[in-house]
Amino acid sequence: MRYNMSLSDQPEFDTVKGFLDEGEGRRLYELALSASKYAPCLEIGSYCGKSTLCLGLACKENGSALFSIDHHRGSEDHQPGEAYFDPALIDLNTFQIDTFQTFRQTIRKSELENTVIPIVSRSQTCARYWQIPISLLFIDGGHSFRDVFVDYQAWVGHLLPDGYLLFHDIFKTPDKGGQGPYHVYQLAMASGLFKELPTTNTLGVLQRRSLADAPNVSTLNTKEGSS
Ligand code: MG
């Protein structure tokens, strides 16, 4: 049965800690429902599993899989004294942030343990060995320009033609929020490899061009030959 992403149908969404709003969650679900028919999806920065829930439910419907990569030690903003620090996420054995226990609860309660494949690692460490084509890449790890760029550079080559490249926290002006994700989003657009689709709140949505979108090669050759 097709799952309808609304708060009334999925009370888990509201109970999971995270920074994704309902509209963004529904869009993630819809894009993953379209993409995961062809190959697995992959997210970077799963935190407590809010986006994992949305992407994972769609992958489950298609009998597909979602790889969820996070070191689970929190980004800069989640550390003690920072804006998004949550003392409930401190591991009392190590006195470090540990979101993995909460993340596991989310996927267990949502019955996604046979769909979501957690990878506890820095994304670039994992990327060094990765060989699996993916249909959707959601980048929501560290939000500095450097972190977002490294995630983009390390993973974008695995995205299939027509696959979706998604960035969370796209703020077009500095007064709204940090500019790291937006600047990498702009770089991706400048590459010419992507089509820009409508955003949903702060969720930027690009689609990798396919061969059918390429310039007509025979026309180019004719021009070169005549010069
Ligand atoms: Mg985010």
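Every chain's residues receive numbers from 1 upward, in the order its sequence appears when written. In keeping with the model being predicted, local features are shown solely for residues with a pLDDT of at least 70 and side-chain atom pairs are shown and tallied solely at 80 or more, while totals for entire chains, interfaces and linings include all residues. The side-chain quantities take in all heavy atoms of the structure and omit both hydrogens and water.

1. With respect to the overall build of the protein chain
A run of DSSP states H or I qualifies as a helix once it reaches four residues; a run of E qualifies as a strand once it reaches two. Both are numbered from the N-terminal end. When its secondary structure is counted, the protein chain shows eight helices and nine strands. Expressed as a percentage of contacts within the protein chain between residues at least 6 apart in sequence, the contacts between residues at least 24 apart total 70%. Element-wise, carbon and sulfur atoms account for 52% of the exposed surface of the protein chain, whose accessible area totals about 11,700 Å². The criterion used for residue contact is that any of the two residues' heavy atoms lie within 4.5 Å. Each accessible area is a Shrake-Rupley result for a 1.4 Å probe, and residues are judged covered by the shown protein chains and nothing else.

2. Thoughts on helix α2 (residues 22–35)
Given a helix with a known number of residues, its expected span is that number minus one, times 1.5 Å. Its 14 residues give α2 an end-to-end C-alpha distance of 20 Å, which sits within 8% of 20 Å, the value for a rise of 1.5 Å per residue. Looking at α2, one finds that the buried residues are Glu24, Gly25, Arg27, Leu28, Tyr29, Leu31, Ala32, Leu33 and Ala35. The distance from a side-chain oxygen at the start of α2 to the backbone nitrogen of Gly23 is 3.0 Å, and the residue carrying that oxygen is Asp21. Burial classes follow relative accessibility: with a 1.4 Å probe on protein chains only, a residue under 20% of its type's maximum area counts as buried, one over 50% as exposed, and anything between as partly exposed. Counted as a polar contact is a pair of N or O atoms within 3.5 Å, where, for protein atoms, one must be capable of donating a hydrogen and the other of accepting one, and residues adjacent in sequence contribute only when both atoms are in side chains.

3. Some details on the state of the cysteines
In a disulfide, the sulfur atoms of two cysteines are covalently bonded to one another. Any two cysteine sulfur atoms lying within 2.5 Å of each other are counted as a disulfide. Taken as a whole, this structure holds zero disulfides when the rule is applied. Here Cys41 is not disulfide-linked; the sulfur of Cys59 is the nearest cysteine sulfur, at 3.7 Å. Accessibility expressed as a relative area gives 0% for Cys41, which makes it buried.

4. So, the coordination of the magnesium ion
For Na, K and Ca the donor cutoff is 3.2 Å, while for all other metals N, O and S atoms count as donors only within 2.8 Å; water does not appear among the atoms, so some sites may look incomplete. Those protein atoms acting as donors to the magnesium ion are Asp140 (OD), His168 (ND1) and Asp169 (OD), and they sit at 2.2 to 2.4 Å. All donor residues of the magnesium ion come from one chain, and their arrangement in sequence is D-x27-H-D. Taken together, the residues span a long stretch of sequence, with Asp140 in the loop between β6 (134–139) and α6 (145–155) and His168 in the loop between β7 (159–167) and α7 (180–190) at a distance of 28 residues.

5. Comments concerning the side chain of Asp91
In this structure, Asp91 sits in strand β3 (residues 90–91). This count recognises Lys and Arg as positive and Asp and Glu as negative, with His and chain-terminal groups excluded. Salt bridge, as used here, is a side-chain nitrogen of Lys or Arg placed within 4 Å of a carboxyl oxygen of Asp or Glu. Buried and without a salt bridge, Asp91 has Arg73 as its closest oppositely charged side chain, separated by 4.9 Å. Separated by 2.8 Å, the side chain of Asp91 and the backbone nitrogen of Asn93 make a polar contact. Once residues within four sequence positions are removed from consideration, Asp91 is found in contact with Gln96 and Asp98.

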